[in-house]
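# Overview (structure and organization)
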Amino acid sequence: MSLKSDPFGGLPNLGGTIVSRLRDSGIVSARQLARVGPAAAYRRLCDRAGKRLPLCYYLYSLEGALRGIHWSALTAAEKQRLRIAAGEEPAKRPRPERSQARPT
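Cut-offs and rules
- Residues numbered from 1 in each chain as written.
- Predicted model: local features only at pLDDT ≥ 70, side-chain atom pairs only at ≥ 80, totals over all residues.
- Heavy atoms only, no water.
- Helix = DSSP H or I, 4+ residues; strand = E, 2+ residues; numbered from the N terminus.
- Contact = heavy atoms within 4.5 Å.
- Axes fitted to C-alpha atoms, helices over the stretch in contact; angles between N-to-C directions.
- Left-handed = near helix turned anticlockwise from the far one by under 90°.
- Nonpolar A, V, L, I, M, F, W, Y, C, P; charged D, E, K, R; others polar.
- Expected span 1.5 Å × (residues − 1).
- Buried < 20%, exposed > 50% of the residue type's maximum accessible area, 1.4 Å probe, protein only.
- Arc of directions from axis to C-beta.

Next up on the list: the side chain of Ser29. Assignment of secondary structure puts Ser29 in the loop between α1 (16–24) and α2 (30–36). Not counting residues up to four positions away in its chain, the partners in contact with Ser29 are Pro7 and Phe8.

The following block contains the structure:
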């Protein structure tokens, strides 16, 4: 498939299975994927599949594709942000500060 005829523009990380699943879920181009965003696209893919899909092969791959990088180049903080956005990890609440004074 040439880049001109590929509506996903040869984005990295997007093999045939992911592209097929994106199309089946109503996301038919790179532009539409960018509008929807990786977290919402991942949720659509999971809903359509009826199960939770692997984060690295789907959620991280979608983010990496839009940024033009391999998904493994995402930092741990970026991956956590994506998991939270996709509803795959609850947001961590800040820990309450501990009192410095000790009871006597």
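The discussion continues.
Now for the packing of helix α4 (residues 59–67) against helix α5 (residues 76–85). The description of two helices packed together rests on the angle between their axes and the distance between the axes. Running from N to C, α4 and α5 cross one another at 115°; their axes reach a closest spacing of 10 Å. Viewed along their axes, α4 and α5 form a crossing whose handedness is right-handed. On the side of α4, the interface is formed by Leu59, Tyr60, Glu63 and Arg67, while α5 contributes Glu78, Lys79, Arg81, Leu82 and Arg83. When its residues are assigned to classes, the contact of α4 with α5 shows 3 nonpolar, no polar and 6 charged.

Attention now moves to helix α3 (residues 38–49). Along its 12 residues, α3 runs 16 Å from first to last C-alpha, staying within 8% of the 16 Å computed at 1.5 Å per residue. Those residues of α3 that sit buried are Pro38, Ala39, Ala41, Tyr42, Leu45 and Cys46. The buried residues of α3 occupy an angular sector of 160° when projected down its axis, which confines them to one face. In α3, the exposed positions that point more than 90 degrees away from the buried face belong to Asp47 and Arg48. The secondary structure elements touched by the buried residues of α3 are α1, α2, α4 and α5. At the exit of α3 stands Gly50, carrying a positive phi of roughly 75°.

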